Amino acid sequence: MKMAAETKVGEAEWEVKIPEKKLKDRLFFENLKAMVIDTQLCSRCLTCVSICPGGLLVNEEDVVDFPDFEDKCLDCGACVRVCPRYDYKPKSGLGDYIEFTAGQSKRFKGQDGAMGTEFIFSAMDMGLIDRGIFVDRDEQWRTSVFHVRGKEQLEKLPLGGTKYVFADILPELKKAVTFTKKGVGVVGTPCMVSGVRKLQEEFPIFKEKVKLVVGLFCTENYHYAEVSKYLIGKGVDFSKLIKTDIIKGKFVATMTDKEVKFKVAKLDDILPSGCSRCTDFTAVESDVSVGSVGSAAGFSTTVVRTETGKEVWDYIKKMGNAEVGEGKVEELDFLINHKKEREKNIQL
Amino acid sequence: MSGMKKVVAPEYNLSDKIKTHAYAIGTAMEESVYPHTATVLYPREKKKMPDNFRGYILFDPDKCISCFNCSFVCPANAIRMKEAPNNRYYPTIDYGKCIFCHFCIDSCSGGALRTTKIHDVAYKDVDEMFTSTEEMIEPPEIIREDKKSVEYVIDETDLHLKRKKERDGLFVEAVPPVEIPMVSQCVDRGSCLACKICERVCESGAASSVVEEATMTVKMAIDAEKCTGCGLCVKECSMQILRLVRVRK
């Protein structure tokens, strides 16, 4: 334990600025519900759930909810302070970047080049962070979130990563921030990246402790219950599943004995409303974005955006932790535009 | 071998020989009538223990500030903090693990833990050795068979047992700890949510908040004069930005 610092009596006052309520005389949660959840804008990034000191949660229908908020809501306004969609300024395009490249990790195996994992562990080797938030899934595709503090822990997470299913990363990030000594690294979808940036904007503790934010290229995610029901209906057997991919507009699920293919557009029926209003494909606010599109098979396209991201990328190259490939910017255009078109769904 | 000393029997003159023989005969006669024992006849008699004997540990919840120090310091990992109905965390001891180092008592800043001279507690199984907070408040049920207390006395020539027809008290007056005045303080004010949880849990009215509708600000304050340093707000703070800090006199 740290030695307590000495202090003088009577210097313990401070002020907290709270946001203006759009709906006066209502609780902040009711504001959030009216502006974001009921308008179908909510991306289920769970930034609000992570920060809420009361009882914000994800209900059985996989929607952000606050049962008996009349009693439990503390009306602090933290949820609307951090919600990336409360005052939604949709971001799109490729965003600013320092380097557009591709990589294939020599240490880890993943769907493509496993560069998300590589970035987190290289940052850990550099001493930038001491823990990373990882998502694992079970054989039924249900996700669970882990705090990883060393490579050996990763060996116990055999499947690794999520596949088009929401994961509750940010509530774990909040816990990690209170535990960590050096810093935390996190891999998330564009909405989560925006959530982390909002948290950093509002609360210095996140600015200080969240050191590396790796964004994933993301078209959409699905609610677990809906996508599993749909895929089982299409003949996908989760226990035999090897990999899933979206290739040229087709969803391909490769199993040990067969392959199931169908048009991605067919999944539109179960496309979550929050994703249908999301225009950010490349996670423009991240330190580094990684994804499959834009590089050769076995490589992850890597978009280095910030100085922190650049430092880690340089370290990866210096240590030879990854094979450097070639990224093709133009290959991303289709999906960037595909997501930009979703702007029309947003009615503020 | 050089350096080795030859041991020679001391030379006794006649009067010395008579004296030592008489002493030996005297001791033999004394022992035949009233034999001494070198061992304590437990449980009919018990050895007198020193006041700082490291025995069974008792707990006073009123003095506990739920600082977790005892559980952090325990080298055997025998102490676990459990949440009580009043929302406070209190220690429990697993005597299956406890090594009786009493680091917990030494580290207890409120003086809530104290030692006793109880050392002979019997358990039927390992599970029973887990002692809950409630069981630590009162001493265990004791059936005392001892009538005498025994002390070892070492004089110039020998070690003797000194028996007294009175029982040794099992409870020791705890030495009051040197009080270190602590107050709760916010170490990262920028990260405060103004959720007012500290105000809700504060029992002494030290934490307060005032909402100013006009400027949309919340004035938070922790009055160091009123703060008792109980640490409840530190534990409950949703951002974990409160710390107990020492008061400078």
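It should be emphasised that the depicted structure is a prediction, and the values quoted were computed from it without experimental measurement. (Residues numbered from 1 in each chain as written. Chains lettered and ligands numbered in written order. Predicted model: local features only at pLDDT ≥ 70, side-chain atom pairs only at ≥ 80, totals over all residues.)

Caption draft 1: Looking closely at the overall build of chain B. When its secondary structure is counted, chain B shows 6 helices and 12 strands. Here the C-alpha radius of gyration of chain B, 30 Å, is well above what a compact globule of 249 residues would show, namely 18 Å. C-alpha atoms of chain B, sized along the principal axes, occupy 110 × 50 × 35 Å. When each of the 249 residues of chain B is scored for burial, the buried share is 24%. Long-range pairs, those at least 24 residues apart, make up 67% of the contacts in chain B with a sequence separation of at least 6. (Helix = DSSP H or I, 4+ residues; strand = E, 2+ residues; numbered from the N terminus. Rg over C-alpha atoms; globule rule 2.2 N^0.38 Å. Buried ≥ 20, exposed ≤ 12 C-beta atoms within 10 Å, placed from the backbone. Contact = placed C-beta atoms within 7 Å.)

Caption draft 2: Structural detail: the domain arrangement of chain B. Segmentation of chain B into domains returns domain 1 (45-164) and domain 2 (182-246). If you average the C-alpha positions of domain 1 of chain B and of domain 2 of chain B, the two centres end up 36 Å apart. (Domains from an automatic or database assignment.)

Caption draft 3: Region of interest: the environment of Val64 of chain A. Residue and element names in this part refer to chain A. In this fold, Val64 is placed in strand β4 (residues 64-65). Residue classification places Val64 among the buried positions, given that 25 C-beta atoms sit within 10 Å. For the pair Val64 and Cys48, spaced 16 residues apart in the sequence, the C-alpha separation amounts to 8.8 Å.

Caption draft 4: Structural detail: the sheet that holds strand β1 (residues 45-47) of chain B. Residue and element names in this part refer to chain B. In space, the 3 strands of this open sheet follow the order β1-β7-β8, with mixed pairing throughout. Each edge of the sheet is formed by a strand with only one pairing partner; in this case those strands are β1 and β8 (159-164). With direction set aside, neighbouring strand axes in the sheet form an average angle of 35°. Where strand β7 (residues 148-154) and β8 come together, 6 bridges link them in antiparallel fashion. Paired with Tyr152 across the strands is Leu161, a residue of β8. (Pairing = 2+ DSSP bridges. Axes fitted to C-alpha atoms, helices over the stretch in contact; angles between N-to-C directions.)

Caption draft 5: Looking closely at the interface of chain B and chain A. Residue-level contacts link 34 residues of chain B with 25 residues of chain A. Contributions of two or more residues to the side of chain B that touches chain A are made by β9 (182-186), β11 (217-222) and β12 (242-247) of chain B. Split by residue class, the side of chain B that touches chain A holds 20 nonpolar, 6 polar and 8 charged. By the bridge criterion, 5 bridges tie strand β2 (residues 13-17) of chain A to β11 of chain B in an arrangement that is antiparallel. (Nonpolar A, V, L, I, M, F, W, Y, C, P; charged D, E, K, R; others polar.)

Caption draft 6: Representation of the pairing of strand β13 (residues 288-291) of chain A in the model. Residue and element names in this part refer to chain A. The alternating pattern of β13 places Val288 and Val290 on one face and Ser289 and Gly291 on the opposite face, and all of these are buried. Across 3 bridges, strand β9 (residues 210-216) lies against β13 in parallel orientation. Its bridge partner lying in β13, Gly215 is registered against Ser289. The pairing of β13 with strand β14 (residues 300-304) spans 4 bridges and is classified as antiparallel. Within β14, the position partnered with Ser289 by the bridge is Val303.

Caption draft 7: Spatial organisation of the nonpolar core. Counting residues in each nonpolar core, the largest one holds 108 residues, and the members touching the most others are Leu32, Cys48, Cys79, Leu173 and Val186 of chain A together with Ala194 of chain B. In this view, Leu173 of chain A contacts Ser50, Ile133, Val184, Val186 and Val210 of chain A; residues no more than four positions away in its chain are not counted. (Core = buried A, V, L, I, M, F, W, Y, C linked by C-beta atoms within 7 Å.)

Caption draft 8: View of the domain arrangement of chain A. Residue and element names in this part refer to chain A. For chain A, the assigned domains are domain 1 (28-82), domain 2 (99-219 + 272-341) and domain 3 (224-262). The partner domain 3 presents 7 residues to the 9 residues of domain 2 that form the contact. Counted by class, the side of domain 2 that touches domain 3 contains 4 nonpolar, 2 polar and 3 charged residues.

Caption draft 9: Structural context of the environment of Ile25 of chain B. Inspection of the secondary structure puts Ile25 of chain B in helix α1 (residues 14-33). Residues Ile25 of chain B and Leu58 of chain B lie 33 residues apart in sequence; the distance between their C-alpha atoms is 52 Å.

Caption draft 10: Representation of the packing of helix α5 (residues 115-126) of chain A against helix α12 (residues 307-319) of chain A within the structure. All names here are of chain A. Here α5 crosses α12 at 85°, and the two axes come no closer than 9 Å. On the basis of their axis angle, the class for α5 and α12 is roughly perpendicular. Residues Glu118, Phe119, Ser122, Ala123 and Met126 of α5 lie in contact with α12, whose contacting residues are Val312, Tyr315 and Ile316. Split by residue class, the contact of α5 with α12 holds 6 nonpolar, 1 polar and 1 charged. (Parallel < 35°, antiparallel > 145°, perpendicular 65-115°, else oblique.)

Caption draft 11: Quick look at the sheet that holds strand β10 (residues 207-212) of chain B. Taken in spatial order, the 3 strands line up as β2(A)-β11(B)-β10(B) in an open sheet, and their pairing is antiparallel. Each having just a single partner strand, β2 of chain A together with β10 of chain B make up the two edges of the open sheet. For this sheet the average axis-to-axis angle between neighbouring strands, irrespective of direction, equals 20°. Bridge analysis of β10 of chain B against β11 of chain B gives 6 bridges, and the strand direction is antiparallel. What sits directly across from Val211 of chain B, in β11 of chain B, is Val218 of chain B.

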